[in-house]
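Spelled out, the chains give:
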Amino acid sequence: MRMRRILGLALAAATLAGVSAVGAPALAGVSAVGAVSAGAASSANISRDDCTAAGGQIVSRPYAGEACVLPDGTAQPIT
C-alpha cells in the first residue's frame, strides 16, 4: 500500500511537471491545430511603424500600455 501511494505521488508530480509516464513531454498528444493555436496565442511585439504599415490601429489599454489592433482582429503589444 505504501509503495502504491509513493508511485501515485511520483506520477502526479511528473504529470504536473509536464512529463508523461513514458518520459515524453505531456503535450506530445496535442494535435497540430492545438499546437498552432498555442503558438499564435503568444504573439510577438510590434513597433508603431510596423503596426500602421500593416493597416493596424494603435489603442491605449489601461494599465497595459499600448497595443496594435490589426485588421484581422488580433492585438499585439507595442514595443
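That block above? That's the structure.
Residues numbered from 1 in each chain as written. Predicted model: local features only at pLDDT ≥ 70, side-chain atom pairs only at ≥ 80, totals over all residues. Heavy atoms only, no water.

**Focus: the overall build of the protein chain**
Put simply, the test is: Runs of H or I in DSSP of at least four residues are treated as helices and runs of E of at least two as strands, each being numbered from the N terminus. When accessible area is computed with a 1.4 Å probe and restricted to protein chains, residues below 20% of their type maximum are described as buried, those above 50% as exposed, and intermediate ones as partly exposed.
Helices and strands together make up the secondary structure of the protein chain, namely 3 helices and 3 strands. Each helix and strand of the protein chain, ordered N terminal to C terminal, gives the series α-α-α-β-β-β. Across the 79 residues in the protein chain, those meeting the buried criterion constitute 10%.

**Section: the sheet that holds strand β3 (residues 75-77)**
What counts is decided by this rule: Here, a strand pair is defined by DSSP locating no fewer than two bridges between the strands. In this analysis an axis means a line fitted to C-alpha atoms, helices contributing only their contacting stretch, and an angle means the value between N-to-C directions, from 0 to 180 degrees.
Taking strand neighbours across the sheet as the criterion, the 3 strands line up as β1-β2-β3 in an open arrangement whose pairing is antiparallel. Among the strands making up the open sheet, the edge pair consists of β1 (57-61) and β3. Across this sheet, the average inter-strand angle for adjacent strands is 35 degrees, counted without regard to direction. Bridge count for β1 against strand β2 (residues 65-69) is 5 bridges, and the pairing is antiparallel. The partner of glutamine 57 across the bridge, within β2, is valine 69.

**As for the state of the cysteines**
We count it as follows: Sulfur atoms of two cysteines make up a disulfide when they are within 2.5 Å.
Throughout the structure, instances matching the rule amount to 1 disulfide. Here cysteine 51 is linked by a disulfide to cysteine 68, with a sulfur-sulfur distance of 2.0 Å. Residues cysteine 51 and cysteine 68 share a disulfide whose torsion about the S-S bond is about 85 degrees; that sign makes it right-handed. Of this pair, cysteine 51 sits in helix α3 (residues 48-53) while cysteine 68 sits in strand β2, placing them 17 residues apart in sequence. With relative accessibility at 0%, the residue cysteine 51 sits in the buried group.

**Focus: the nonpolar core**
Under the convention used in this document: Definition of nonpolar core: a set of buried residues of the types Ala, Val, Leu, Ile, Met, Phe, Trp, Tyr and Cys, connected through side-chain atoms within 4.5 Å. Whether two residues are in contact is decided by their heavy atoms, any of which lying within 4.5 Å being enough.
Core analysis: the biggest nonpolar cluster contains 5 residues, these being Ile46, Cys51, Cys68, Leu70 and Ile78. Residues in contact with cysteine 51, not counting those within four places in the same chain, are Ile46, Gly56, Gln57, Ile58 and Cys68.

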